[in-house]
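Coordinate inspection notes
Below, each chain spelled out in residue letters.
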Amino acid sequence: MPKPAKPTAPAAFPQPDIGREMNGADCVVECLIREGVNVIFAYPGGASQELHQALARTDKIRTILPRHEQGGSFAAEGFARATGKVGVCMATSGPGATNLMSAIADAFMDSIPLICLTGQVYSKFIGKMAFQETDFYGMTLPVVKHSYLVMDAKELPRIFKEAFHIARSGRPGPVIIDLPKDVQQTRLQPVFPATVEFSNPLLTSEPRATDEQLSQILTLIAEAKKPVIYAGGGLISSGAHAELKTFAEKANLMVATTLMGVGAFPESHKLSLQWFGMHGAAYGNWAVDQCDLLLCLGARFDDRITGNTAHFAASAKIVHVDIDASEHNKNKRVLLPVAGDIRDALRRLNALMTARGFTPPDTKPWQTQLNAWKRDYPFAYEQSRHIVPQEAVATLYELTKGDAIITTGVGQHQMWAAQFYRFNEPRRYLSSLGLGAMGFGYPAAMGAKVAFPDKQVIDIDGDGSFVMNIQELATCHIEKIAAKAMILNNQHLGMVVQWEDRFYKSIRGNTILGDENNIGSPDNPDALYPDFVKIAEGFGVKGRRVIKKSELKAAIQEMLDHDGPYVLDVIVPYTEHVLPMIPAGKTVKDMLLK
Amino acid sequence: MRHTISVLVENQFGVLARVAGMFSGRGFNIDSLNVAPTHDPLLSRITVVLKGDEAALDLAIKQLRKLVNVVEAVDFKADEAVVRELMLVKVKADTKARSEIMQICDIFRTKIVHVSAGDVIIEVTGDEGKAAAFLKLVEPFGILGLARTGVLALKR
């Protein structure tokens with residue numbers, strides 16, 4: 001695989017670095033160290049054993065053995081989402097590699113920088129259905145930002161440098177590197193390039209908003225009577241939360257985020273409309289529905305945000321700033337598409353406002369309306385004699401004073417976590433949002449806790465999702481990773497049950513997790529299944545079940561005070577629905593408030 | 001509508017699969033596809049002809065441009081590019097029919113590149129209209145085999 005020589009050589013030409021003689025596997029480890037990697041989640045097997053041997057020879061990288069490759073890959077994603085750095089995981093060929101697939105697709109959907117290394121069979125066996133062979137390069141094609149199958153060990157340094165650049169630059173995403181066993185075993189003297197070069201110009205020169213476009217945005221704001229910001233995950237990827245705060249304050253604009261954008265703008269700020277979309281704040285949805293100017297920053301008009309796109313922000317002029325030009329006019333036609341890094345665009349907008357002495361438009365009637373909605377229709381729930389799931393989240397928020405990293409599985413609990421925990425900082429709500437992969441929560445918490453050992457990291461999970469990667473309790477116990485899980489246990493697949501109740505006449509289609517003739521609940525504790533406390537105990541992890549409302553607070557406090565992994569099994573009724581709700585494909589006018 | 005899309009890519013394994021996947025993953029049926037190196041052996045040009053929904057295709061092209069190994073991707077408008085195709089067609093030709101076939105070849109300025117006792121292989125170059133007209137005339141003799149490059153296009 002020759003690499004085209006490019007005429008883009010920088011003025012001061014950095015020299016490549018020639019390494020000592022080593023084998024391919026050691027070269028891989030050396031490349032990881034050079035990219036600043038200090039932790040990898042890796043599960044060994046025949047085709048990746050050389051790499052594990054090489055990892056055993058270094059003390060610069062902590063190798064964490066997950067108990068399932070999917071757990072390891074979600075942990076790498078949790079690490080990446082919490083830090084903004086590239087997460088790294090590794091698996092052997094065949095079944096090891098296929099177990100990484102969900103995390104790769106997840107990182108692709110949510111634009112998370114992830115590197116997946118996979119062992120591959122000896123290159124002479126490729127294509128022959130050798131033991132544990134799959135064409136991983138081929139099967140991951142639709143869900144990667146890029147991928148490599150290394151056929152020559154000499155290419156390793158260049159490929160790794162490129163791969164890390166691709167994963168973290170522009171709109172981040174997953175990159176896989178498939179490494180045949182003979183490549184790992186080859187002796188070579190590696191040459192580590194100082195720079196990366198690409199034929200595709202988009203990879204080296206990121207698009208930038210033009211001065212005219214920025215000026216036009218300010219004009220649109222000045223003319224608007226009902227403006228609102230729609231802020232997405234791109235703000236977090238580009239590290240633009242401080243710039244957003246300045247921008248919103250200077251231009252006096254209220255901000256509604258997506259779920260990916262949660263924490264990009266402080267939710268306690270008076271200009272915050274929290275998050276909107278299918279289960280988002282009613283006031284956020286009304287604001288976007290009624291506005292006359294919608295400033296979409298780093299988001300992609302996902303169907304869970306827009307509902308029926310024809311009726312989405314129907315009377316608004318729409319500005320869309322995104323680093324990925326292929327997102328412009330994809331789901332929704334916009335007035336002003338701007339290709340560029342959001343942090344750069346916001347910085348320059350802020351400077352432009354100062355230079356021009358920009359006066360925000362008079363939006364008092366609009367903001368009065370928004371604040372009235374915000375006051376009258378907050379996220380709310382009704383008290384019960386039992387612990388309700390929303391209450392458990394709210395109590396966790398209160399006891400952690402909002403200062404924890406929260407991860408989630410997928411379903412009702414995922415929405416309640418975002419509704420009743422307030423996020424004032426980015427990278428605090430880590431959730432599989434585009435793909436919606438159940439089982440994400442606990443391994444993601446494990447990855448985040450490895451990155452931030454001094455912070456509380458809590459997986460708010462469902463009893464369905466938690467079971468999907470429950471084996472990672474072993475990893476946390478053995479590796480002394482104090483990731484905690486608070487299970488909102490309703491003995492059902494709650495979100496599907498909610499849809500059954502709303503749209504399918506409450507007919508249960510495989511949504512009961514225990515014995516359907518004797519369903520466990522706060523009123524029927526003997527039938528609760530499974531016994532999460534006993535499971536945790538088997539893994540050597542402390543656990544506690546809480547059923548009584550009066551014990552909730554103390555139980556959560558005990559979880560927080562425990563110095564080690566912990567499973568708190570909170571028994572809740574299955575009858576709660578996530579509200580508000582805009583049914584799929586419908587509009588804000590169809591929003592269900594109760 | 002029919003589109004002729006030209007994609008300049010790095011000449012590496014897997015690139016064709018990525019480009020083709022961008023169309024197949026969206027349910028586009030490719031009418032023709034050609035790939036070969038350019039004057040720079042490190043680069044190849046892929047020419048794809050397909051029919052499809054305007055907006056969906058526009059998105060596919062924008063997403064093509066994001067692929068690491070893609071240098072450029074263009075959807076040629078009518079007359080924006082020179083468009084040609086090479087076709088090899090084997091026609092049944094006994095001694096009686098041969099001279100008549102040769103006459104048709106002359107008129108179409110095509111070349112007979114192989115002759116055997118019972119058939120000839122003819123090389124046809126031109127736009128798709130010419131290929132279609134030629135095939136219509138030789139069809140009565142009996143077409144025994146056909147291979148074509150698919151459309152090649154180069155910006156004027």
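Basis of the calculations
Residues numbered from 1 in each chain as written. Chains lettered and ligands numbered in written order. Predicted model: local features only at pLDDT ≥ 70, side-chain atom pairs only at ≥ 80, totals over all residues. Helix = DSSP H or I, 4+ residues; strand = E, 2+ residues; numbered from the N terminus. Buried ≥ 20, exposed ≤ 12 C-beta atoms within 10 Å, placed from the backbone. Contact = placed C-beta atoms within 7 Å. Arc of directions from axis to C-beta. Domains from an automatic or database assignment. Expected span 1.5 Å × (residues − 1). Pairing = 2+ DSSP bridges. Axes fitted to C-alpha atoms, helices over the stretch in contact; angles between N-to-C directions. Parallel < 35°, antiparallel > 145°, perpendicular 65-115°, else oblique. Left-handed = near helix turned anticlockwise from the far one by under 90°. Nonpolar A, V, L, I, M, F, W, Y, C, P; charged D, E, K, R; others polar. Right-handed = clockwise from strand over helix to strand, strands pointing away. Core = buried A, V, L, I, M, F, W, Y, C linked by C-beta atoms within 7 Å.

On to the overall build of chain B. Each helix and strand in chain B was counted, giving 4 helices and 9 strands. If you list the helices and strands of chain B from N to C, you get β-α-β-β-α-β-β-α-β-β-α-β-β. Based on the C-alpha atoms only, the size of chain B along its principal axes is roughly 55 × 35 × 30 Å. Here chain B, with 156 residues, has 26% of them falling under the buried criterion. Contacts in chain B between residues at least 24 apart in sequence constitute 74% of all its contacts with a sequence separation of at least 6.

Before going further, it helps to examine helix H2 (residues 49-56) of chain A. Residue and element names in this part refer to chain A. Buried within H2 are the following residues: Glu-50, Leu-51, Ala-54 and Leu-55. End-on view of H2: buried residues confined to an arc of 140 degrees, all on one side of the axis. Turning to H2, the residues buried within the fold contact helix H1 (24-34), strand E3 (39-42), strand E4 (62-64), strand E5 (87-91), strand E6 (114-120) and helix H8 (181-185).

Right, let's talk about the domain arrangement of chain B for a bit. Residues and elements named next belong to chain B. Splitting chain B by domain gives domain 1 (2-76) and domain 2 (82-155). On a C-alpha basis, the centres of domain 1 and domain 2 stand 28 Å from each other. Opposite the 8 residues of domain 1 that make contact, domain 2 presents 6 residues. Every element with two or more residues in the side of domain 1 that touches domain 2 is listed here: strand E1 (2-10), strand E2 (30-37) and strand E3 (43-51). The biggest single contributor to the side of domain 1 that touches domain 2 is E2, with 3 residues.

For helix H3 (residues 95-108) of chain B, built from 14 residues, the straight-helix expectation of 20 Å at 1.5 Å per residue is met to within 8% by its first-to-last C-alpha distance of 21 Å. After H3 of chain B finishes, the residue Arg-109 of chain B shows a positive phi value of roughly 50 degrees.

What follows concerns the sheet that holds E2 of chain B. The strands that make up a sheet are held in pairs by hydrogen bonds between backbone atoms, and each pair lies either parallel or antiparallel. Residues and elements named next belong to chain B. Taken in spatial order, the 4 strands of this open sheet run E2-E3-E1-E4, and their pairing is antiparallel. Lying at the two open borders of the sheet, with one neighbouring strand each, are E2 and strand E4 (70-76). Averaged over all adjacent pairs, the angle separating strand axes in this sheet is 15 degrees, with direction ignored. Where E1 and E4 come together, 6 bridges link them in antiparallel fashion. When the bridges of E4 are listed, Ile-5 appears paired with Asp-75.

Residues and elements named next belong to chain A. If you walk across this open sheet you meet the 6 strands as E13-E12-E11-E14-E15-E16, and the pairing is parallel. What marks the edges here is a single partner per strand, and that holds for strand E13 (272-275) and strand E16 (336-339). Strand-to-strand twist in this sheet, taken as the mean axis angle between neighbours without regard to direction, amounts to 15 degrees. In terms of strand pairing, strand E15 (residues 317-322) meets E16 through 4 bridges, oriented parallel. Bridge pairing links Asp-322 to Ala-339 in E16.

Position of Lys-62 of chain B among the secondary structure elements: in helix H2 (residues 54-64). Residue classification places Lys-62 of chain B among the partly exposed positions, given that 17 C-beta atoms sit within 10 Å. Once residues lying within four places of it in the same chain are set aside, the contact partners of Lys-62 of chain B are Ala-325 and Ser-326 of chain A.

Moving on: the packing of helix H16 (residues 389-400) of chain A against helix H23 (residues 552-561) of chain A. Residue and element names in this part refer to chain A. For the pair H16 and H23, interaxial distance at closest approach is 10 Å and the crossing angle is 55 degrees. Here H16 is positioned oblique relative to H23, judged by the angle of their axes. As H16 runs across H23, the sense of the crossing is right-handed. The segment H16 lies against H23, with Ala-392, Thr-395, Leu-396, Leu-399 and Thr-400 engaging Leu-552, Lys-553, Ile-556, Gln-557 and Leu-560. A per-class count over the contact of H16 with H23 returns 6 nonpolar, 3 polar and 1 charged.

Looking now at the pairing of E3 of chain A. Residue and element names in this part refer to chain A. Both faces of E3 are covered, namely the face carrying Val-39 and Phe-41 and the face carrying Ile-40 and Ala-42. Across 3 bridges, the pairing between E3 and E4 is parallel. What sits directly across from Ile-40, in E4, is Thr-63. Handedness of the crossover joining E3 and E4 through H2 is recorded here as right-handed.

This paragraph deals with the nonpolar core. Counting residues in each nonpolar core, the largest one holds 200 residues, and the members touching the most others are Ile-115, Leu-294 and Leu-568 of chain A. Residues in contact with Leu-568 of chain A, not counting those within four places in the same chain, are Ala-485, Met-486, Ile-487, Arg-544, Val-546, Ala-555, Ile-556 and Met-559 of chain A. With 11 residues, the next largest nonpolar core counts Val-91, Ala-93, Cys-105 and Phe-134 of chain B among its residues.

Attention now moves to the domain arrangement of chain A. Split into domains, chain A comes out as domain 1 (17-203), domain 2 (211-376) and domain 3 (389-571). The interface of domain 2 of chain A with domain 3 of chain A comprises 12 residues on the first partner and 12 residues on the second.

All names here are of chain B. Checked against the element boundaries, His-3 lands in strand E1. A tally of 19 C-beta atoms within 10 Å means that His-3 is categorised as partly exposed. Between the C-alpha atom of His-3 and that of Ile-121, which follows or precedes it by 118 residues, the distance is 30 Å. Leave out the neighbours within four places in its chain, and His-3 touches Leu-50, Gly-52, Leu-57 and Asp-75.

It is worth spelling out the pairing of strand E8 (residues 174-180) of chain A at this point. Residue and element names in this part refer to chain A. A large share of E8 lies buried, amounting to 7 of its 7 residues. Neither face of E8 is left uncovered, since the one carrying Pro-174, Ile-176, Asp-178 and Pro-180 and the one carrying Val-175, Ile-177 and Leu-179 both have all their residues buried. Relative to E8, E6 is paired through 7 bridges, and the arrangement is parallel. Looking at the pairing, Leu-117 lines up with Ile-177 of E8. Inspection of the sheet shows strand E7 (residues 146-149) paired to E8 by 4 bridges, in the parallel sense. Its bridge partner being in E8, Leu-149 is matched across the sheet by Asp-178. Taken together, E7, helix H7 (residues 156-168) and E8 constitute a β-α-β crossover, and its handedness is right-handed.

What follows covers unusual backbone geometry. Residue and element names in this part refer to chain A. The linkage connecting Tyr-529 with the following residue, Pro-530, adopts the cis geometry, with an omega of -5 degrees. Its location among the elements puts Pro-530 in the loop between helix H21 (494-503) and helix H22 (532-538). Here Leu-579 and Pro-580 are connected by a cis peptide whose omega angle stands at -5 degrees. Mapped onto the elements, Pro-580 comes out in the segment after strand E22 (566-571). Positive phi, close to 55 degrees, is recorded for Gln-274, a residue that is not glycine. On the secondary structure map, Gln-274 appears in strand E13. Unlike most non-glycine residues, Asn-329 shows phi in positive territory, near 60 degrees. Checked against the element boundaries, Asn-329 lands in the loop between E15 and E16. Residue Asn-329 is classed as partly exposed on the basis of its C-beta count, with 17 C-beta atoms lying within 10 Å.

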